[in-house]
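In case you want the letters, here they are:
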Amino acid sequence: MSDTAPSIFVVEDEKSFVELYDEIFKFAGFQLADWAFSGEEAVEKYRARTKDPDLIIMDHRLPGMNGVETMLQIIQMNPLAKILFVSADEHARALSLGNGAVGFLKKPFLPDAFIRSVKEGIFGRAERGG
Amino acid sequence: MSDDAIRLLIVEDNPADARLVLEMLKEGSKTVRFDVAMADSLASALEHLRGVNCNAILLDLGLPDSQSLDTLRSVHSEHPEIPIVVLTVLDDEESAVKALGGGAQDYIIKGRTESVVLVRSIRYAIERKRVADALVESEKKYRLLVDSAAESIMVAQDGMLRLVNPTTVTMTGFSEQELTSKPFSSLIHPDDRAMVVERYQKRIRGEAVPNQYAFRVLTKDGSTKWVDISAISIEWEGRPATLNFLTDTTERKRAEEELRSMTTDALESAQKAEAYFDFLAHDIANILSPMIAYADMLKVRPNNPEQVIKFSSKILEQGQRASSLISNLRRLEGIEKTHPNEIDTIDLRTLFSSLEDSIRSDFPKKDITISYGLQDVQSMNVKGGEWVENVFKCVYDNAVRYSTGSAVKLEVSASLLQQEGKKPCWQIEISDYGLGIPDNVKSHFGESINVADREFKGVASSLPFCCSMIKCLGGELLVQDRIPGDHKQGTRIIIRLPKGE
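Just so you know, these numbers come straight off a predicted model, no measurement behind them. (Residues numbered from 1 in each chain as written. Chains lettered and ligands numbered in written order. Predicted model: local features only at pLDDT ≥ 70, side-chain atom pairs only at ≥ 80, totals over all residues. Heavy atoms only, no water.)

Chemist: An account of the overall build of chain A is requested, with residue identities and associated values reported.
Modeler: Counting secondary structure elements, chain A contains five helices and five strands. Ordered by position from the N terminus, the helices and strands of chain A form the series β-α-β-α-β-α-β-α-β-α. Across the 130 residues that make up chain A, the buried fraction comes to 55%. Intrachain contacts of chain A at a sequence separation of at least 6 include 65% that bridge at least 24 residues. (Helix = DSSP H or I, 4+ residues; strand = E, 2+ residues; numbered from the N terminus. Buried < 20%, exposed > 50% of the residue type's maximum accessible area, 1.4 Å probe, protein only. Contact = heavy atoms within 4.5 Å.)

This is how it looks when you write it as structure tokens:
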């Protein structure tokens, strides 16, 4: 893993997803910067960050604060933060995109779609497939 | 009437008196023509009446074959439709007066009555009889209306019922005599009595009160019936009264209530089903997602033996989760249907040690420390042991899953709670130092699984599920802050289960 590999911060309370993301990241050349189990933990960890992650992957249904509430706090700290929602809740799509998320991916998903969403999240749609 | 002759039967055995009457009729009837027939005994009078239509009878009460009021009775009972004017003598006026009560329209005293008065008496008798008959006919019609009405109809006066129809008798179970012999307030449900009586009194006084409302009546068999009343004030026998129409609405109210409760039940079931479905859809998506992704990665890169083993074991793990989710749902369904009664004995040390093993293998990266305060509780006897063990597994899983950092600390204690006036129950407390549960989320517990609460992870491994299970077993699951008032310091789960007997 080179230093230039995009770093991704994961907010997800399901351990199995964090492990899955880690596998896909290795495969696609990304780097799991850190992960948080809850919105509260995510906000604390983000505040204490030494380096901005290239992307934040956010679940919506979390213990305590939900994903959208967590995103709003993070955006307050850094308006440029890029946040990709990955959730099984279809109703979170409009809510997340309407509040500043760069993308929404519905669970379950195929690794290709996930990688594409992550790339779009980091580089924007213009560089898709690049 | 004046154009037609009045057919008159004179019943008189004294030929002189008969002649006198005939003379008087001639004299007194300038405008009226009489068509007169004569009879000198009761028998011949009745015989005549059988064959001929007659407009009026002049009747002497003292006949050879019948005397006094018997004469009147015989004629009147056979021909109630014919008006009768009684002919009497001066010394028997008393009988004549009695005759008026026995069906005669009038009487005249022989030899003391002017001819004009005699004629007027006959004509008045005919007219009076016609009016009286019409009145009787009209009364009959109204009576028929009242008697055959499906509504209960009653007239109330001086706090008593003066008239009740058969429907009132059927509705209340009391006889007409019972209904009219006691104050009507005794027929009203105690809770409505004051209101109904007050409205009745105000209505009698002419004050404005609602004409239509509902109240309850008491029936003879002690049951209560709902009625709708429609009341107006009337004059009854010259004095103020109320006329009341009552409709029995008991059956309608019961049907409405049943419909309402059915609708509510159906709505609740639908909401519950929706909440289940929502949880389930979310859980299944969460389980399927890694399965699909790992399977796809295996398909793309099937040649890395290390990855094949790793990914296929991930798939297996998720498959096992799905299967445990289904068995949990089945358990919940089973527990709701069967309400287990068999008592199982759970050895606490065995249970906690197996829970620890499973939690350590599920969360290998966590450094888990659990301290126990079991006092002298070695085992507990409870209903549905398998369900109880499952609940503990969920609670442990939650406590570790939502602990921050890699070091996880749990405190577990068990005791036998003996509160005064309550059955003894086992109390197990499990405290963690994790993320805690905000108050607004905490308030959802205790409402069984019907938590349309999207903040929560799925049915299969969550606290709402545990709440439902424990509730079905007659116990309770409480969610508190470990440090009261500060949910960020972790959560304390208290499970109380009735001690098996």
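There is more to say, and it comes next.
Chemist: If you had to explain the packing of helix H2 (residues 42-51) of chain B against helix H3 (residues 68-78) of chain B to someone new, which residues and values would you point to?
Modeler: Residues and elements named next belong to chain B. Contact geometry of H2 with H3 gives a least axis separation of 11 Å together with a crossing angle of 15°. Comparing the axis directions of H2 and H3 gives the class roughly parallel. At the point where H2 passes H3, the crossing takes the right-handed sense. Facing H2, whose interface residues are Leu-42, Leu-46, Leu-49 and Arg-50, H3 presents Thr-71, Ser-74, Val-75 and Glu-78. Among the residues forming the contact of H2 with H3, the class breakdown is four nonpolar, two polar and two charged. (Axes fitted to C-alpha atoms, helices over the stretch in contact; angles between N-to-C directions. Parallel < 35°, antiparallel > 145°, perpendicular 65-115°, else oblique. Left-handed = near helix turned anticlockwise from the far one by under 90°. Nonpolar A, V, L, I, M, F, W, Y, C, P; charged D, E, K, R; others polar.)

Chemist: Give a description of the pairing of strand S13 (residues 379-383) of chain B that names residues and reports values.
Modeler: Residue and element names in this part refer to chain B. Alternating residues of S13 divide into Met-380 and Val-382, all buried, and Ser-379, Asn-381 and Lys-383, none buried. Where strand S11 (residues 343-347) lies against S13, five bridges are found, and the strand directions are antiparallel. By the bridge assignment, Ile-346 is partnered in S13 with Met-380. (Pairing = 2+ DSSP bridges.)

Chemist: Please give an account of the confidence of the model for chain B that cites residues and values.
Modeler: Residues and elements named next belong to chain B. Put simply, chain B has an average pLDDT of 85, and 93% of its residues get 70 or more. Every residue in residues 446-461 scores below 50 in pLDDT, and together they form 61 contacts with partners more than four places removed in sequence or on other chains. Note on the complex model: pTM 0.50, ipTM 0.83. (pLDDT = per-residue confidence, 0-100.)

Chemist: Account for the pattern of salt bridges, naming residues and giving values.
Modeler: Residue and element names in this part refer to chain B. This structure, assessed with the given rule, holds 36 salt bridges over all chains. Of the charged contacts, one joins Asp-192 and Arg-216 as a salt bridge, the two residues approaching to 2.9 Å between their closest N and O atoms. One end of the pair, Asp-192, is in helix H8 (residues 190-204); the other, Arg-216, is in strand S8 (residues 212-218), with 24 residues separating them in the sequence. Exposure class is identical for Asp-192 and Arg-216. Each is buried. Notably, a salt bridge pairs Glu-207 with Arg-205, separated by 2.9 Å at the nearest N-O pair. Given the relative accessible area of 37%, Glu-207 is considered partly exposed. On the accessibility criterion, Arg-205 (55% relative accessible area) is exposed. Each member of the salt-bridge network shares a partner with another, and the members are Glu-12, Asp-17, Asp-60 and Lys-110. (Salt bridge = Lys/Arg side-chain N within 4 Å of Asp/Glu carboxyl O.)

Chemist: An account of the layout of surface pockets is requested, with residue identities and associated values reported.
Modeler: Taken as a whole, the second largest pocket holds about 410 Å³ of empty space. Every element with two or more residues in the lining of the second largest pocket is listed here: helix H1 (15-28), strand S2 (31-36) and helix H2 (39-47) of chain A together with helix H10 (305-338) of chain B. Class assignment for the residues of the lining of the second largest pocket results in six nonpolar, four polar and eleven charged. (1 Å grid on protein atoms, 1.4 Å probe; cavity = no way out; pocket = protein on both sides within 12 Å on 5 of 7 lines; lining within 4 Å. Points joined across faces, edges and corners; volume = space filled by probe spheres on them.)

Chemist: I'd like to hear about the interface of chain A and chain B, residue by residue, with values.
Modeler: Taken together, the contact pairs 29 residues of chain A with 34 residues of chain B. Between chain A and chain B, a total of about 2,900 Å² is buried, with carbon and sulfur atoms accounting for 56% of that surface. Contact with chain B buries area across many residues of chain A, yet Glu23(A), Phe27(A) and Arg61(A) alone supply 23% of it, more than any other trio. Salt-bridge contacts for Glu14(A) lead to Arg321(B); the nearest nitrogen and oxygen are separated by 3.1 Å. Linking chain A to chain B there are six residue pairs in polar contact (both at pLDDT 80 or more). (Buried area = accessible area lost by both parts, 1.4 Å probe. Polar contact = N/O pair within 3.5 Å; in protein donor to acceptor, adjacent residues only side chain to side chain.)

Chemist: If you had to explain the nonpolar core to someone new, which residues and values would you point to?
Modeler: Grouped together as the largest cluster of nonpolar side chains are 44 residues, with contacts concentrated most on Phe352(B), Met380(B), Phe392(B), Tyr396(B), Ile428(B), Leu477(B) and Ile495(B). With near-sequence residues (within four places) excluded, Phe352(B) lies in contact with Tyr372(B), Leu374(B), Tyr396(B), Val412(B) and Ile428(B). (Core = buried A, V, L, I, M, F, W, Y, C linked by side-chain atoms within 4.5 Å.)

Chemist: With reference to specific residues and values, describe H8(B).
Modeler: All names here are of chain B. The end-to-end C-alpha distance of H8 is 21 Å, a good match for the 21 Å that 15 residues give at a rise of 1.5 Å each. For H8, every residue scored as buried is listed here: Asp-192, Val-196, Tyr-200 and Arg-203. Along H8, the residues classed as buried sweep out an arc of 70° about the axis, all on the same side. Just beyond H8, the residue with positive phi is Gly-206, at close to 85°. (Expected span 1.5 Å × (residues − 1). Arc of directions from axis to C-beta.)

Chemist: Which residues make up the sheet that holds strand S14 (residues 407-417) of chain B, and what values go with them?
Modeler: All names here are of chain B. Taking strand neighbours across the sheet as the criterion, the five strands line up as S12-S14-S15-S17-S16 in an open arrangement whose pairing is mixed. Two strands lie at the open edges of the sheet, namely strand S12 (367-373) and strand S16 (476-483), each paired on one side alone. Recorded for the sheet is a direction-independent mean angle of 20° between the axes of neighbouring strands. Both S16 and strand S17 (residues 486-498) contribute to a ladder of seven bridges, which runs antiparallel. By the bridge assignment for S17, Asp-481 is matched with Thr-491. Together, S12, S14 and strand S15 (425-432) form the strand contacts of helix H11 (residues 348-362), whose direction differs from that of S12 by roughly 170°.

Chemist: Please give an account of helix H4 (residues 93-101) of chain B that cites residues and values.
Modeler: All names here are of chain B. Listed in full, the buried residues belonging to H4 are Ser-95, Ala-96 and Ala-99. Mapping the buried residues of H4 onto a view down its axis gives an arc of 100°, with all of them on the same face. Exposed and oriented more than 90 degrees from the buried face of H4 are Glu-94, Lys-98 and Gly-101. On its buried face, H4 sits against H3, strand S4 (84-88) and strand S5 (106-109). Two residues or fewer after H4 comes Gly-103, characterised by a positive phi angle close to 120°.

Chemist: Describe the environment of Ile315(B), and please don't skip the residues or the numbers.
Modeler: All names here are of chain B. Tracing the chain through its elements places Ile-315 in helix H10. Take Ile-315: its relative accessible area is 23%, and that puts it in the partly exposed class. Sequence spacing of Ile-315 and Ile-287 is 28 residues, and the spatial spacing of their C-alpha atoms is 9.3 Å. When residues no more than four places from it in sequence are discounted, the contact partners of Ile-315 are Met-291, Tyr-294, Ala-295 and Leu-298.

Chemist: Run through the side chain of Ser121(B), naming residues and quoting values.
Modeler: When you line up the elements, Ser121(B) lands in helix H5 (residues 115-148). Take Ser121(B): its relative accessible area is 5%, and that puts it in the buried class.

Chemist: Explain a nonpolar patch on the surface to me, using residue names and the numbers behind them.
Modeler: A cluster of nonpolar side chains, contributed by Leu110(A), Ile284(B), Leu288(B) and Ile292(B), occupies part of the molecular surface with about 280 Å² of accessible area. Tracing the backbone shows Ile292(B) in helix H9 (residues 250-300). (Patch = residues over 30% accessible without salt bridge, like charges linked within 9 Å, V, L, I, M, F, W, Y side chains within 5 Å. Areas by Shrake-Rupley, 256 points an atom, 1.4 Å probe, with all protein chains shown as cover.)

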